[in-house]
Structure formats: structure tokens, C-alpha cells
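Overview (structure and organization)
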Amino acid sequence: MMYPAGPGSGDSPEGFPEQPRRQSQIGNCTAQTQDAFFTCRKNAFLAKSSSSQVEGDFAMAPRGPDQEECEGLLQQWQEEGSSQLLSTVSDGPLVDKGLAESSLALLMDNPGEQDAALEDKWSSRQLSDLRAAENLEEPFPEVLGEEAPLSEVEGPMWAAVPMQTGPQYTDCAVLPMGVLATEQWDEDPAVVAWSIAPEPVSQEEAPVWPFAGLGQLQPPPLEIPYHEILWREWEDFSTQPDAQGLEAGDGPQFQFTLMSYNILAQDLMQQSSELYLHCHPDILNWSYRFANLMQEFQHWDPDILCLQEVQEDHYWEQLEPSLRMMGFTCFYKRRTGCKTDGCAVCYKPTRFRLLCASPVEYFRPGLELLNRDNVGLVLLLQPLVPEGLGQVSVAPLCVANTHVLYNPRRGDVKLAQMAILLAEVDKVARLSDGSHCPIVLCGDLNSVPNSPLYNFIRDGELQYHGMPAWKVSGQEDFSHQLYQRRLQAPLWPSSLGITDCCQYATSCHPTSAERRKYSRDFLLRFRFCNIACQRPVGLVLMQGVTDTKPERPAGWAESVIEEDTSEPDVPRHPVGTIQHCLHLTSVYTHFLPQHGRPEVTTMPLGLGTTVDYIFFSAESCEDGNRTDRRLYRDGTLKLLGRLSLLSEEILWAANGLPNPFCSSDHLCLLASFGMEVTAP
């Protein structure tokens, strides 16, 4: 690297008299180097002694160096050969360069995850950099005047800068030049708020955090504008025509928003820590993640909130109280067995009234097919219509939330779990006339779009006999394996009490109140029929008891015309086929036409995929041009809008999931619906 020559550095015969001034300049440089060394060394000690638990503002709060410690470090540095460094003319700028790089490495290290035993290692690291600088032989520029400061030397990417007085870099003497141009973390929407049109927040005004006893956390400064990379647009369908080309009606509608979100249980994250090696440890801290999640809920403000992977202790201690403060009524179902997480459904009592709540357990003792601890939750809600609309009514709304088994090889288990959930939804949502009220089914189904499980929910039918079990969810391809588990009919035993139409067996037969009732007169008509007048075979002859033959009175018919009690013909479906009649379709299309890429809801091991869904009731319509799938149009439940998803490339640019902006390894799903309001 060539440095610019100062005035009188070899081009003037009076270059030698400038030697004392150059030594003075070296002394000034050395003094700056010592200041930078002491400052960053002290920051390293303070960072080492700080707690790894992030509390309040960011845990690292550097302070000014202690005088006695500075003197001790100076003595140690001089004993290691500083005198030789000070007497060497050609090492001035390299000392700054090496020290700056060393100090940068210290600043980039994570203070929360190190232990106190590495303190000596950091000290020897800086001293080794200083020793290495002594052996380099780069020419030092000759400086005749003090009007040419060292900061104008070209080449180094990191330079010594004056000490900053802001809260982020207090007492840090050496900083990367790029950091000075980045905006304050206090202005990051991940901490301030989630807004569609982000506005700069003044540094003096701290964001309002309404939850008592919960500190708002500040992660380290970022160079990536996450709120710009992870920008999600709201797609409005309220004025768009439906599948038949009909415009939305002008009649009154009951509108509500629903969010489905897998928030990543902390226990599960720690059990699979290898999946999150790309994340800074501070953003994986539950205190930081909880504050971020609550700000996300507060911004989008849904009327119904469906959560998966909700850790039980976090729910009762933090989530439920905080959501109650936001106006939600919450229901929670923990997974069976020893699992510590579960599903939650929260709604606003100002918008809905609870009719019934049904927790669903997929575990069945004694059944190998259903020996997993996954659960679901089904709520029946009655929308509350504003009084200004007069005497009108809205149909009830059935909301189902679940988290299906992850194992990609066990598609048979996934289908059985989904059949149980659909049977419960069918029972809860069934009206007196046999139809169903509007339904919203959401959750983490651990299945990709257009997989057999996805098509079964959307199309209402699946022929599974002989299908490889891994193919049901489409998560991974195990076709190369020699042995493959294949699905056999029937998929589950009749003892489960669920038919192939995903209905409870008891609901397929008339109840006791619906059975035929016979009067006494009708039954007496059989008293003297031909069958009653015949002597049974093998009847023991007893005098005065069975030795007489009953005589038919006059006017009694020999036979009784019986009504046809045979059951009506029920449509049969082939063996190895399961069905349901809920008529569901997906809120999302699973493709981003503006980017030409598929939508992504999660990124396990850096591979983007969609496993989270929101299905809702819609009326099927015929299309003569397409027979591979059903088409739907809006029925009593109309899709008004949705929050767009992202592509894998965009999430890669934000270092995947989780990140400082999104505190889960899944993206949230948000949709707006409208329900018809009818007169009584």
C-alpha cells in the first residue's frame, strides 16, 4: 500500500531537520493508539462482566476506563516490547490499522455468550497484534507540517474516530466507518412499532410500551434495514369481482380480521439449537422475542388470533395477561404427554360471543396410528352486530386451529389427525338444517401446497390406498428408499368412531329423539297376525298354556301392511377414499406473480417452504375447462384482503428466520373477511 508523501519527505534537502517533528507526530499517534487500546480494552472487560440475559435496554452499557486499570495495562504493554514499537519509525499507521482491526473484532464478539475465562485470551490477542505490527516494514510517510493529519491516509477501511457521546457507542474510540452512516436502532420498526408507512421516530421520544413490568429491549445496532427488506403489502380484494365476475354486494357486512401465527416455542428452539446457528444469540432470547411478538400483535390488531407452539408457562405468565390487556379472551390447549407447548385461540369479546369451545386431542391409547401428542382447538363464535344496523342477524363462525405432526414419513398419521379435526368441525359447525355455518380452519399443517393432504382439505376427497406415506405431506422425497410405508384401507379402525366422510359415526344415525315412535293401537295390530297365530317350532307343550291355538277375531286382518323402514340410498365411494363436505379453500395462492417465485412461510435449514395456511368456507362452482380441482366463489364468508407473504430470496437477504425484525421461524398469516348480515 502506497501512502502519500508529506511535504519535505525526500524531495527537499532539508528533509533531515524535520526528524524531530516526525518523532513528535509518532508520539501523538502512539498516544492515540494507547487511548484507543485502553478504551476498547475496558469495553471488553465491561462486556465480559455484563449479564448474558438481555434486560431493559441492550445489556452492554460501556463506561469510561478506570485510571488504575489503564496504568496497569500500560505497564504490561510496555514490558511486552512497547519501547521497541515507539522507537520504530515505520510502524505508525500500521499500529493504528492493526489495533483498529483488533478492536473491531472485540466489538463484533458476542459478550453475552462468552465466559470470564476468555478475558486473558482477548488481552493476549491485542498484544499479539501489537507485536505483529513491530515486524512489518511498511514505510511511514514523512510529515513536515501538522496540517496533514493521519486520518487523511488512504487505504485502511477502519479508522480511529473521536469518541461518540450517543448511547450506542459511549466510550468506544475505534468504530467501523460504515456504522457512522447507519440509522439509530431506536428508529427500527422492529422495536418502535410495525407500521405500513414507517415514520422516523425522534431519539428523544421513547416508544410507548403499555405492558407493566415488561421492559422494552434494544438489540445491537444493525446495518441492514430489515423493515425495507421484509416489506409486506396488504392486498385488498373488497372491490374485486369473484370467480363468477360478480361485484361485491353493497349490503351490510360484518368484517373481521384473523391472524394465524406459529410463534416458535422457546423449549423447542433450544432442543433444536442447530437450526438457529445463523442467528445472533440476543435475538433468540425469549424476553426480546416476546416484546417483538407483542408489538406485532399490537400493530396488526386482529379480531381473532390463532397461535401455534405456545409454551405453557409463557402463556400463563406473559402471553395471556398481555393479550388480556389488549382486549382478548384466550383459550389454550396444551399438547398431551410431556410436551410443553400447545395451541391458543384468542378473540375480542367486543366483536364475538363464545357459543362453545372444543379442545381436540389426537392421541388415542392403544392405536399405533394415533400415538402422537398433537392437539387442536375449535371455537364457535357468534358475531356481535352493532346496534345501529337494527334487527339483523349474522350466522355463527367456526374457528379451528391446529398444529399437525411434523414427521415427513408419517403421512398416515397426518391424515388421521386431520380427519379427527374435520369431524369435530363438522359437529360444531353443523346447523339444524344439516348445513354448516362459515368455517375458518388455520394452523401449521406441516404439508406443502398441492400435496395430497393439502388437496384433500381443498377438494374434499382423497384416494389414498397404496400411496407412499411420505408423499402425503410432500415435505421430503423418499422415493429412493427401498422400503416405503404405504397406506392401506381402511386407514383407521372403526373403533375410532369416525367414518370415511370425516364425521363422527353417531352423527350418521338418527338420535333417540328422531327414532320412529309407535302407538299402542299400532302395536296391537300385530296381535293376531299370521306370525303371531303360528305355533313356534320347539315350543314345549304345556296343558292349558301352550296347547291352544289363538283364534283370530272377526275383522282382524291376516297380515299387516308395514311401512317402508329401509334407509335411503347413501352414495358410496370407492374403498381407500376419504371425503369431507366442508367446502374449504385457501386464502393464499402460494405464488408471487410479481416476483415469479413461490410464497414462503418458514425457512428450516435455509430452505423456504409453505406449511402454514388459512382455509375458509366458500361455495364451489363448476368450470367446464378444468376438472383437476374445484373452483370456489364467495359464499356467506367473503375474503376481503390478506397480508402478502415473501419469497425465499427476500428472506435470505434478511439472514433467514428468525431475525431482529421477525422473532419466529414462521411468518404470520393475516386475512380479512366479511360475513353477510341478513334480516330475521
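Residues numbered from 1 in each chain as written. Predicted model: local features only at pLDDT ≥ 70, side-chain atom pairs only at ≥ 80, totals over all residues. Heavy atoms only, no water.

- An unreviewed UniProt entry lists the protein chain under the name Protein angel homolog 1 isoform X1, from Odocoileus virginianus.

1. Side note on unusual backbone geometry
- In this model, Ala489 is joined to Pro490 through a cis peptide bond whose omega is -5°.
- With respect to the element layout, Pro490 can be found in the loop between strand E12 (461-463) and helix H11 (520-524).
- Here the amide bond leading from Leu657 into Pro658 is cis, since omega sits at -5°, within 30 degrees of zero.
- Mapped onto the elements of the fold, Pro658 is located in the loop between helix H13 (648-653) and strand E21 (669-676).
- For Leu264, which is not a glycine, the phi torsion comes out positive at approximately 65°. (Helix = DSSP H or I, 4+ residues; strand = E, 2+ residues; numbered from the N terminus.)

2. Considerations on the layout of surface pockets
- Size it by volume and the second largest pocket reaches roughly 1,100 Å³.
- Around the second largest pocket, the lining comprises 40 residues; the ones closest to its centre are Leu275, Glu309, Tyr406, Asn446 and Pro604.
- Broken down by element, the residue count for the lining of the second largest pocket peaks at 4 residues, all from helix H6 (residues 266-271).
- Residue composition of the lining of the second largest pocket, by class: 16 nonpolar, 14 polar and 10 charged. (1 Å grid on protein atoms, 1.4 Å probe; cavity = no way out; pocket = protein on both sides within 12 Å on 5 of 7 lines; lining within 4 Å. Points joined across faces, edges and corners; volume = space filled by probe spheres on them. Nonpolar A, V, L, I, M, F, W, Y, C, P; charged D, E, K, R; others polar.)

3. Quick look at the packing of helix H9 (residues 411-429) against helix H10 (residues 452-459)
- Here H9 crosses H10 at 20°, and the two axes come no closer than 11 Å. Classed by the angle they form, the pair H9 and H10 counts as roughly parallel. Once H9 is placed against H10, the crossing between them reads as right-handed. Residues Lys414, Leu415, Met418 and Leu422 of H9 lie in contact with H10, whose contacting residues are Leu453, Phe456 and Ile457.
- Taken together, the residues of the contact of H9 with H10 break down into 6 nonpolar, no polar and 1 charged. (Axes fitted to C-alpha atoms, helices over the stretch in contact; angles between N-to-C directions. Parallel < 35°, antiparallel > 145°, perpendicular 65-115°, else oblique. Left-handed = near helix turned anticlockwise from the far one by under 90°. Contact = heavy atoms within 4.5 Å.)

4. Focus: H10
- For H10, the buried fraction is high: 7 of the 8 residues fall into the buried class.
- Two residues or fewer after H10 comes Gly460, characterised by a positive phi angle close to 85°. (Buried < 20%, exposed > 50% of the residue type's maximum accessible area, 1.4 Å probe, protein only.)

5. What to know about the state of the cysteines
- Following the criterion strictly, the structure yields 0 disulfides and no others.
- For Cys330, which is in no disulfide, the shortest distance to another cysteine sulfur is to Cys346 and amounts to 3.2 Å.
- Unpaired in this structure, Cys343 has its nearest cysteine sulfur neighbour in Cys306, at a distance of 9.1 Å. (Disulfide = S-S within 2.5 Å.)

6. A look at the sheet that holds strand E3 (residues 234-236)
- One open sheet accounts for 7 strands, arranged E3-E20-E21-E4-E5-E7-E6; its pairing is mixed. Two strands bound the open sheet, and with one partner strand each, they are E3 and strand E6 (329-334). Neighbouring strand axes in the sheet, compared pairwise and without regard to direction, differ in orientation by 20° on average.
- Pairing of E6 with strand E7 (residues 341-347), which is carried by 6 bridges, proceeds in the antiparallel orientation. Across the sheet, Phe331 pairs through a bridge with Val345, a residue of E7.
- Across the sheet, helix H7 (residues 286-300) is in contact with strand E4 (253-262), strand E5 (304-311), strand E20 (637-643) and E21; its angle to E4 comes to roughly 165°. (Pairing = 2+ DSSP bridges.)

7. What to know about the sheet that holds strand E9 (residues 375-383)
- Pairing within the open sheet is mixed, and its 6 strands lie in the order E8-E9-E10-E11-E17-E14. Here the strands that pair on one side only, and so sit at the sheet edges, are strand E8 (352-361) and strand E14 (584-586). Averaged over all pairs of adjacent strands, the angle between strand axes in this sheet comes to 20°, irrespective of strand direction.

8. Description of H7
- Between the first and last C-alpha of H7 there are 21 Å, a value that for 15 residues agrees with the 21 Å anticipated at 1.5 Å per step.
- By the criterion of burial, H7 is predominantly enclosed, with 12 of the 15 residues buried.
- Listing the buried residues of H7 in full gives Trp286, Tyr288, Arg289, Phe290, Ala291, Asn292, Leu293, Met294, Gln295, Glu296, Phe297 and Trp300.
- Considering only its buried residues, H7 is in contact with E4, H6, E5, helix H8 (312-325), E20 and E21.
- Among the residues trailing H7, Asp301 stands out with phi positive, at a value near 50°. (Expected span 1.5 Å × (residues − 1).)

9. With respect to the pattern of salt bridges
- Scanning the model with the defined rule gives 14 salt bridges in all.
- For the salt bridge of Arg410 with Asp412, the shortest nitrogen-to-oxygen distance reads 3.1 Å. This pair shows no difference in class: Arg410 is buried, exactly as Asp412 is.
- Where Arg597 meets Glu649, a salt bridge forms, and the shortest distance between an N and an O atom there is 3.3 Å. Taken together, the positions of Arg597 in strand E16 (residues 597-598) and Glu649 in helix H13 put the pair 52 residues apart, joining distant regions of the chain.
- On the basis of relative accessibility, which here comes to 38%, the residue Arg597 falls in the partly exposed class.
- Its relative accessible area of 40% is what places Glu649 among the partly exposed residues.
- Three or more residues joined by partner-sharing salt bridges are found here, namely Glu368, Arg410 and Asp412. (Salt bridge = Lys/Arg side-chain N within 4 Å of Asp/Glu carboxyl O.)

10. Digging into the pairing of strand E10 (residues 397-403)
- Counting buried positions along E10 gives 7 out of 7 residues, so the element sits mostly inside the fold.
- Both faces of E10 are covered, namely the face carrying Leu397, Val399, Asn401 and His403 and the face carrying Cys398, Ala400 and Thr402.
- For E10 and strand E11 (residues 439-444), the ladder comprises 6 bridges, and the chain directions are parallel. Pairing of His403 across the sheet is with Asp444, part of E11.
- Crossover E10 to E11 through H9 is right-handed. (Right-handed = clockwise from strand over helix to strand, strands pointing away.)

11. A look at the packing of H7 against H8
- Relative orientation of the contacting elements H7 and H8 amounts to 30°, with a least axis distance of 11 Å. As far as their axial angle goes, H8 and H7 are roughly parallel. Both H7 and H8 take part in a crossing whose hand is right-handed. For the pair formed by H7 and H8, the contact residues are Trp286, Phe290, Met294 and Phe297 on the first element and His314, Gln318, Leu319, Ser322 and Leu323 on the second.
- Grouping the constituent residues of the contact of H7 with H8 by class yields 6 nonpolar, 3 polar and no charged.

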